[in-house]
Amino acid sequence: MSSVWEEIRFFVSSLASLSVSESIALGRRGLCVSTGTYSESWIYYPEKITSPEIVHEAVNFFLERDISFMWPLYDDGDRKLLENAGLCYAGDLTAMSLTPRIAAPNNNVTFERVNDSLLWARTAWQGFGGSVDELPGEFVKFSAALNADRKNFSLYLARYEGEEAGTFLVTNEEKCAGVYYFAVMPELRRKGIARAMMNEICRLSGGKSGGNKKKILLQATPMGVPFYRAYGFDIISKIPVYSTEEDIF
């Protein structure tokens, strides 16, 4: 199995262990995980789908909970099977990788590992275009659960000249660092904050003299691909995503 799918497995199985999550095993190696949020509920099935029953079991798990999900497709030949079950193609995630490198810091941007999960939730929500007045309680609870699991997840807040500016999450997998919730507040974009955040992820992942480097992996949405490519990430593959909704990203 590729490093990309190993990282997704680590992320999804770690989500399943959170206090807010419900999950079921799917086949031999698959997993359905509901975190109670719109943004982070997954079906992980790292092999070819052998029967429609697998699809119906997974979809029914989420229908019973009335929540949307993402199903990254392992085998492109399974598209028809998912579409026959009423799922729609929501677009591609682009799996990307980077070997950490040394980079000059931006002295206007500082970082802290999060203690205040509510502050992180508000900043992440606004970074992805949401209104702080409409911050869902489910996302606040989810963020607190993520922050409580410091064995598997590290949540960081970026500040620009002292002001909350962005967020990211790095998984604590042994061989690689998976990046999630990488977002900058809309009004603070184009100030070098995103690049500074990625520089910090490189530093945390061993991009310094004498460090043990962990490859950085992420699954970028179409909006994020140009930045990651410009930073130096390599494209590994495209991963088609299915869901009950077309705008799951």
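Conventions adopted
Within every chain, residues take consecutive numbers counted from 1 along the sequence as written. Given that the model is predicted, a residue must reach a pLDDT of at least 70 before its local features are reported, and side-chain atom pairs must reach 80 or more before they are shown or counted; all residues, however, enter totals for whole chains, interfaces and linings. Side-chain metrics in this entry use all non-hydrogen atoms of the structure; hydrogen atoms and water are not considered. Pairing between two strands requires that DSSP report at least two bridges joining them. Helix and strand definitions follow DSSP, with helices as H or I runs of at least four residues and strands as E runs of at least two, each counted in order from the N terminus. Whether two residues touch is decided by their heavy atoms; if any such pair falls within 4.5 Å, the residues are in contact. Angles run from 0 to 180 degrees between N-to-C directions of axes, and those axes are lines fitted to C-alpha atoms, restricted for helices to the stretch in contact. Accessibility here uses a 1.4 Å probe with only protein chains present; expressed as a share of the type maximum, an area under 20% marks a residue as buried, one over 50% as exposed, and anything in between as partly exposed. In the analysis that follows, any N or O atom pair within 3.5 Å is treated as a polar contact, provided that within protein one partner can donate a hydrogen and the other can accept it, and provided that, for residues neighboring in sequence, both atoms belong to side chains. Whenever Lys or Arg places a side-chain nitrogen within 4 Å of a carboxyl oxygen from Asp or Glu, that contact is recorded as a salt bridge.

A. Representation of the sheet that holds strand β4 (residues 71-72). Pairing within the open sheet is mixed, and its eight strands lie in the order β4-β11-β5-β10-β9-β8-β7-β6. Where the open sheet ends on each side, the last strands, each with one partner, are β4 and β6 (109-113). Bridging between β4 and strand β11 (residues 234-243) involves two bridges; their strand directions are antiparallel. Within β11, the residue paired with Trp71 across the bridge is Tyr242. Of the strands in this sheet, β4, β5 (88-98), β7 (153-160), β8 (163-171), β9 (176-184), β10 (215-220) and β11 touch helix α1 (residues 3-16), which is tilted by about 75 degrees from β10.

B. Quick look at the side chain of Ser41. Turning to its location among the elements, Ser41 is positioned in the loop between β2 (30-34) and β3 (42-44). Owing to a relative accessible area of 1%, Ser41 belongs among the buried residues under this scheme. Of note is the side chain of Ser41, whose polar atom sits 3.2 Å from the backbone nitrogen of Thr35. In terms of polar contacts, Ser41 uses its side chain to reach the backbone carbonyl oxygen of Thr37, at 3.4 Å. When neighbours within four sequence positions are excluded, Ser41 is seen to be in contact with Val33, Ser34, Thr35, Gly36, Phe62, Ile67, Ser68, Phe69 and Met70.

C. Examining the pairing of β10 more closely. Judged by how many residues are buried, β10 sits mostly within the fold: five of six residues are covered. Note: β5 against β10, five bridges, orientation antiparallel. When the sheet's bridge partners are listed, Met96 is paired in β10 with Leu218. One ladder, built from three bridges, connects β9 with β10; its direction is parallel. When the sheet's bridge partners are listed, Gly178 is paired in β10 with Leu217.

D. The pattern of salt bridges, seen in detail. As enumerated under the stated definition, the model contains 10 salt bridges in all. The partner of Glu22 in a salt bridge is Arg65, with the nearest N and O atoms 3.3 Å apart. Here the residue Glu22 occupies a position in strand β1 (residues 22-26), and Arg65 occupies one in the loop between α2 (52-63) and β4, the gap between them amounting to 43 residues. According to the relative accessible area criterion, Glu22 is partly exposed, its value standing at 42%.

Nothing here speaks to function; it is all geometry.
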